[in-house]
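# Overview (structure and organization)
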Amino acid sequence: LVLIIVGLCAGGAMLGARHIVGASFTKIEAERAEREGERARRVLNQQLLALAATTRDYAFWSDAVDYVQGRKPSFMDDNFDAENLGYLRISEVLVFDARGRVLSSVVRPDGEAPLHAVSPERQRLLRPLVTPVLTSADPKTVLQTLRAVDGQLEIVVIAAVSHPDHAARGMQGASAMV
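Here is a short report on the structure shown in this document.

What counts, and where the lines are drawn
- Residues numbered from 1 in each chain as written.
- Predicted model: local features only at pLDDT ≥ 70, side-chain atom pairs only at ≥ 80, totals over all residues.
- Heavy atoms only, no water.
- Phe/Tyr/Trp six-rings, centres within 6.5 Å; stacked < 30°, edge-to-face > 60°.
- Buried < 20%, exposed > 50% of the residue type's maximum accessible area, 1.4 Å probe, protein only.
- Helix = DSSP H or I, 4+ residues; strand = E, 2+ residues; numbered from the N terminus.
- Contact = heavy atoms within 4.5 Å.
- Polar contact = N/O pair within 3.5 Å; in protein donor to acceptor, adjacent residues only side chain to side chain.
- Expected span 1.5 Å × (residues − 1).
- Patch = residues over 30% accessible without salt bridge, like charges linked within 9 Å, V, L, I, M, F, W, Y side chains within 5 Å.
- Areas by Shrake-Rupley, 256 points an atom, 1.4 Å probe, with all protein chains shown as cover.
- Salt bridge = Lys/Arg side-chain N within 4 Å of Asp/Glu carboxyl O.

Glancing now at the packing of aromatic side chains. Tallied over the entire structure, the rule returns 5 aromatic pairs. Ring centres of tyrosine 58 and tryptophan 61 lie 5.9 Å apart, and the angle between their planes is 65°; this geometry places the pair in the edge-to-face category. With relative accessibility at 30%, the residue tryptophan 61 sits in the partly exposed group. An aromatic cluster is built from Tyr58, Trp61, Tyr67, Phe75 and Phe80, whose rings are joined through pairwise contacts.

Its location among the elements puts serine 136 in the loop between α5 (120–134) and β3 (142–149). For the pair serine 136 and glycine 170, spaced 34 residues apart in sequence, the C-alpha to C-alpha distance is 9.7 Å.

Along the chain, arginine 122 turns up in helix α5. Take arginine 122: its relative accessible area is 12%, and that puts it in the buried class. In this view, arginine 122 contacts Glu92, Arg147, Val149, Glu154 and Val178; residues no more than four positions away in its chain are not counted. Here glutamate 92 takes part through its side chain, which lies 3.0 Å from a polar atom of the side chain of arginine 122.

With that settled, the discussion passes to helix α1 (residues 2–59). Its 58 residues give α1 an end-to-end C-alpha distance of 84 Å, which sits within 8% of 86 Å, the value for a rise of 1.5 Å per residue. Those residues of α1 that sit buried are Leu48, Leu51, Ala52, Thr54, Thr55, Tyr58 and Ala59. Packed against the buried residues of α1 are α2 (62–68), α3 (75–79), α4 (82–88), β3, β4 (152–161) and β5 (173–177).

A surface patch of nonpolar side chains, about 290 Å² in accessible area, is lined by Val21, Phe25 and Ile28. You can see phenylalanine 25 is positioned in helix α1.

Another aspect to go through is unusual backbone geometry. We note that arginine 89 has phi near 60°; this positive angle belongs to a residue other than glycine. With respect to the secondary-structure elements, arginine 89 resides in the loop between α4 and β1 (92–97). Since its relative accessible area comes to 62%, arginine 89 is described here as exposed. Residues other than glycine seldom take positive phi values, yet aspartate 150 does so here, at roughly 50°. As for its position among the elements, aspartate 150 is in the loop between β3 and β4. You can call aspartate 150 exposed: its relative accessible area is 78%.

Evaluated as defined, the whole model comprises 9 salt bridges. The partner of glutamate 121 in a salt bridge is arginine 124, and the shortest N-O contact between them spans 2.6 Å. Here glutamate 121 pairs with arginine 124, and both are found in helix α5, just 3 residues apart, close to one helical turn. Residue classification places arginine 124 among the partly exposed positions, given a relative accessible area of 47%. Bridged by salt links that share partners, the residues Glu92, Arg122, Arg147 and Glu154 form one connected network.

A few words now on the side chain of serine 175. Its place among the elements puts serine 175 in strand β5. A relative accessible area of 4% places serine 175 in the buried class.

In C-alpha cells:
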C-alpha cells in the first residue's frame, strides 16, 4: 500500500513537472517567434523605406521629367546599368508616360547575364499598381507595397515623375522599382 501511494505521488509529481516545463517551453517559443516576427517586419520596413527613397529620388528629378517628355533618351542607360542596380538592390525599373504606357524598362538578371527589358506579362502585372499614381492629383504621389508573387515576397514602389522645382506642372509619368 505504501509503495502504491509513493508510486502515485511520484507519478503525479512527474506529470505536474512535465506540464510546468512544457508550458514554460511553449511560452519561450511563442516569445521567440514574436521577436523574430517583429525583427522581420522591421527589416522589411527598412527595405521598403530605402526603395521608396530611391524611387522618389529618381522620379522627382528633372532628368526623369526630360526622359518622359522625350528630351533625354539616355536617361535609362545613364542611370540603370547592372552595377548601379546591384548597388541599389533594385531588380526591375519601369518608366511610364502619363497615359500608363511603358516607355522603358530594365531587369537586373542573376549572374553575368546582360540587362534586358521587363517582360510584357510582368508589365501587365505591375500596371494596376501604377494606375492610382497616374490618376492622382498630387504630383508627389508614391505607392509602396509588399506583395507575394509566385511564392516570392517583393517590394514595389511607384512614384509620380514630376519636376522638383515645378510641381504646379503636375505629374508627367511614373517610375516603378522592384
